[in-house]
Amino acid sequence: MDKIIIKGGKTRLNGQVEIEGAKNAVLPLLAATILPEEGETVLQNVPILSDVYTMNAVVKHLNIPLTFDESEKKVTTQATKDVAIEAPYEYVSQMRASIVVLGPILARNGHARVSMPGGCTIGSRPIDLHIRGLQALGADITQNGGFIEAKADELHGAHFYMDFPSVGATQNIMMAATLAKGTTTLENAAREPEIVDLANLLNKMGANVKGAGTDTIIIKGVEKMHGASHNVVQDRIEAGTFMVAAAMTQGNVLILDAVREHNRPLLSKLSEMGVDVIQEEDGIRIIGPETLKPVNVKTLPHPGFPTDMQAQMTAAQAVAKGESTMIETVFENRFQHLEEMRRMGLLVDISRNTAIIQGGTGFTGAEVRSTDLRASAALILLGMVADGVTTVGNLKHLDRGYYKFHEKLASLGADIERTGGESAHV
Ligand SMILES: CC(=O)N[C@H]1[C@@H](OP(=O)(O)OP(=O)(O)OC[C@H]2O[C@@H](n3ccc(=O)[nH]c3=O)[C@H](O)[C@@H]2O)O[C@H](CO)[C@@H](O)[C@@H]1O
Ligand SMILES: C=C(OP(=O)(O)O)C(=O)O
């Protein structure tokens, strides 16, 4: 079993770090390659992650020729006339995000069968908004045998208000609407940078999508789409993770090409904690203070504080001297890392979606297990400031979203190694 071993206590990260393309952008972008009827699609800056291999397998299963040139970080697909209708359990069970193929397959074929994604450790993650949005476009949707089946003789434009700005539902409905007859207006849509990235690719493919990045997205349906080239947007969560790492270790790290606009709530909280945030020509420099100040944080949909940075931020709160609060409003079960951090000495009271952390009390290394993707990063961050040796296991979660995390931290001066071979996917 792979493990990451960290000798902590004296780490001060220093240097500069490159950030990959965003996992949460590239997965829907890969789903969008189902839409073109002709031409080649080239995605550049594709991160080498296990989730990307899973989504590649889904796309290939749908009869779309796909190659992944890892050395160039480039995925190339060829449009096909004959898109298959089914995304099986084998893939969807590995990765919830594969539900975003439902809209594109339906738009191409008038018929899609996708295995139900189910929940995951961070929450139950229902897909009612995806279903209601596609129903509004005219799809007839049934569920049986663990599959969700959508059929439509013709998708038509519609007005759909989302009860909650779900990222995946916005992407699914947006993609289905690109080939619908007429205009779709999506209100209370998700506004994440990854939504904007998807809209940009769709428009390059010949779609007509306006308003992505605001809460109202308007999609005018087109007859057909074609291949296009696109550079995947930078991973703001990976960038944010290194920002927190630098802040926690009294470090001085330049996060290359980081986009301030994408990480505004995190940067504002880091400033409140006494961290120097400096915009430079090549990126954002983070300089951690001798002592971090406590801070209260509440997760929200973008442009609020991202739930995907919650676990890493609790590691910083653990180090800050005094009482900090974390309120998680997006997922109902996203505090499991705090139980593992308790093994390292964390003082925390958890009541429903609120964690009150008494920080700055000192930590000792321990053997811990990552419970989900961001938990794995957060435990590694805390391991860097804990005295002694921390061993983090269950790295399949880490490999879903971080490329060579330990190597990047080591290049910044952390005493960290990975045993049991390389990441699962390389
Ligand atoms: C691959 C990807 O991009 N994953 C991100 C995406 O996940 P994902 O797209 O799954 O997240 P959503 O925005 O859909 O989910 C947010 C909340 O809405 C609820 N909900 C969602 C859909 C639905 O039909 N009904 C419903 O109730 C979910 O249970 C959750 O409580 O956005 C999340 C919220 O920023 C991030 O944490 C994930 O990293
Ligand atoms: C929760 C996450 O991803 P996913 O939606 O793919 O599970 C994440 O990236 O932190």
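Residues numbered from 1 in each chain as written. Chains lettered and ligands numbered in written order. Predicted model: local features only at pLDDT ≥ 70, side-chain atom pairs only at ≥ 80, totals over all residues.

Engineer: Where do I start with the sheet that holds strand S17 (residues 283-287) in this structure?
Structural biologist: By definition, the strands of a sheet pair up through backbone hydrogen bonds, in either a parallel or an antiparallel sense. Ordered in space as S2-S15-S17-S16, the four strands form an open sheet in which the pairing is mixed. On the outer flanks of this sheet lie strand S2 (14-17) and strand S16 (276-280), each paired with one strand and no other. Taking the axes of each pair of neighbouring strands and ignoring which way they run, one obtains an average angle of 15° across the sheet. Across five bridges, the pairing between strand S15 (residues 252-256) and S17 is antiparallel. Pairing of leucine 254 across the sheet is with arginine 285, part of S17. In the packing of helix H8 (residues 236-248) onto the sheet, the strands contacted are S2, S15 and S17, and the crossing angle to S15 comes to about 170°. (Pairing = 2+ DSSP bridges. Helix = DSSP H or I, 4+ residues; strand = E, 2+ residues; numbered from the N terminus. Axes fitted to C-alpha atoms, helices over the stretch in contact; angles between N-to-C directions. Contact = placed C-beta atoms within 7 Å.)

Engineer: What should I look at first to understand the site of ligand 2 in this one?
Structural biologist: As a matter of local geometry, ligand 2 sits amid Asn24, Arg96, Ala97, Cys120, Ile122, Asp308, Leu373, Arg374 and Gly401. When residues of the shell around ligand 2 are sorted by domain, at least three fall in each of domain 1 (3-20 + 234-419) and domain 2 (23-231). (Near = placed C-beta within 6 Å. Domains from an automatic or database assignment.)

Engineer: Looking at this structure, I do not really get the sheet that holds strand S12 (residues 208-210). What am I missing?
Structural biologist: Reading across from one edge, S10-S11-S13-S12 is the order of the four strands in this open sheet, with mixed pairing throughout. Looking at which strands have only one partner, the edges of the open sheet turn out to be strand S10 (159-161) and S12. Neighbour to neighbour, the strand axes of the sheet diverge by 15° on average, direction disregarded. Pairing geometry for S12 and strand S13 (residues 216-220), over three bridges, is antiparallel. For asparagine 208, the partnering residue across the bridge sits in S13 and is lysine 220.

Engineer: Got a minute to help me understand the site of ligand 1 in this structure?
Structural biologist: In the vicinity of ligand 1, 22 residues are found, and the nearest of them are Asn24, Leu129, Ser166, Val167 and Gly168. Those elements giving two or more residues to the shell around ligand 1 turn out to be helix H1 (23-32), helix H5 (128-136) and helix H6 (167-178). Across the shell around ligand 1, the residue classes break down as eleven nonpolar, six polar and five charged. A domain split of the shell around ligand 1 shows at least three residues from each of domain 1 (3-20 + 234-419) and domain 2 (23-231). (Nonpolar A, V, L, I, M, F, W, Y, C, P; charged D, E, K, R; others polar.)

Engineer: Please explain H5 as it appears in this structure.
Structural biologist: Count 3.6 residues to each turn of an α-helix, and residues three or four apart come out pointing the same way. When H5 is considered as a whole, its buried residues turn out to be His130, Gly133, Leu134 and Ala136. Within H5, the buried residues cover an arc of 155° as seen down the axis, which keeps them to one side. Buried-residue contacts for H5 involve helix H4 (102-109), strand S8 (140-144), strand S9 (147-151), S10 and H6. Count one or two residues on from H5 and you reach glycine 138, which has phi positive near 105°. (Buried ≥ 20, exposed ≤ 12 C-beta atoms within 10 Å, placed from the backbone. Arc of directions from axis to C-beta.)

Engineer: Just checking my understanding: could you explain the UniProt feature "modified residue: 2-(S-cysteinyl)pyruvic acid O-phosphothioketal" (unreviewed entry) in the protein for this structure?
Structural biologist: UniProt feature "modified residue: 2-(S-cysteinyl)pyruvic acid O-phosphothioketal" (unreviewed entry): in the numbering of this structure it lies at Cys120. Secondary-structure assignment places cysteine 120 in the loop between strand S7 (111-115) and H5. Given 14 C-beta atoms within a 10 Å radius, cysteine 120 is considered partly exposed. (UniProt positions renumbered as here; feature names shortened; annotations may be inferred.)

Engineer: Would you take a moment to explain the pairing of strand S11 (residues 183-187) for this structure?
Structural biologist: Each regular strand carries side chains that alternate between the two faces of the sheet. On S11, burial follows the alternation: Thr184 and Leu186 on one face are buried, whereas Thr183, Thr185 and Glu187 on the facing-out side are not. Crossover S10 to S11 through H6 is right-handed. Across five bridges, the pairing between S11 and S13 is antiparallel. If you follow threonine 184 over to S13, its bridge partner there is isoleucine 219. (Right-handed = clockwise from strand over helix to strand, strands pointing away.)

Engineer: It is not clear to me how the environment of alanine 378 should be interpreted in this structure. Could you clarify?
Structural biologist: Within the secondary structure layout, alanine 378 lies in helix H12 (residues 373-385). Considered as a pair, alanine 378 and arginine 191 are 187 residues apart in the sequence and their alpha carbons are 25 Å apart. Once you skip the residues sitting within four places of it in the chain, alanine 378 turns out to touch Ala311, Gln312, Thr314, Ala315 and His337.

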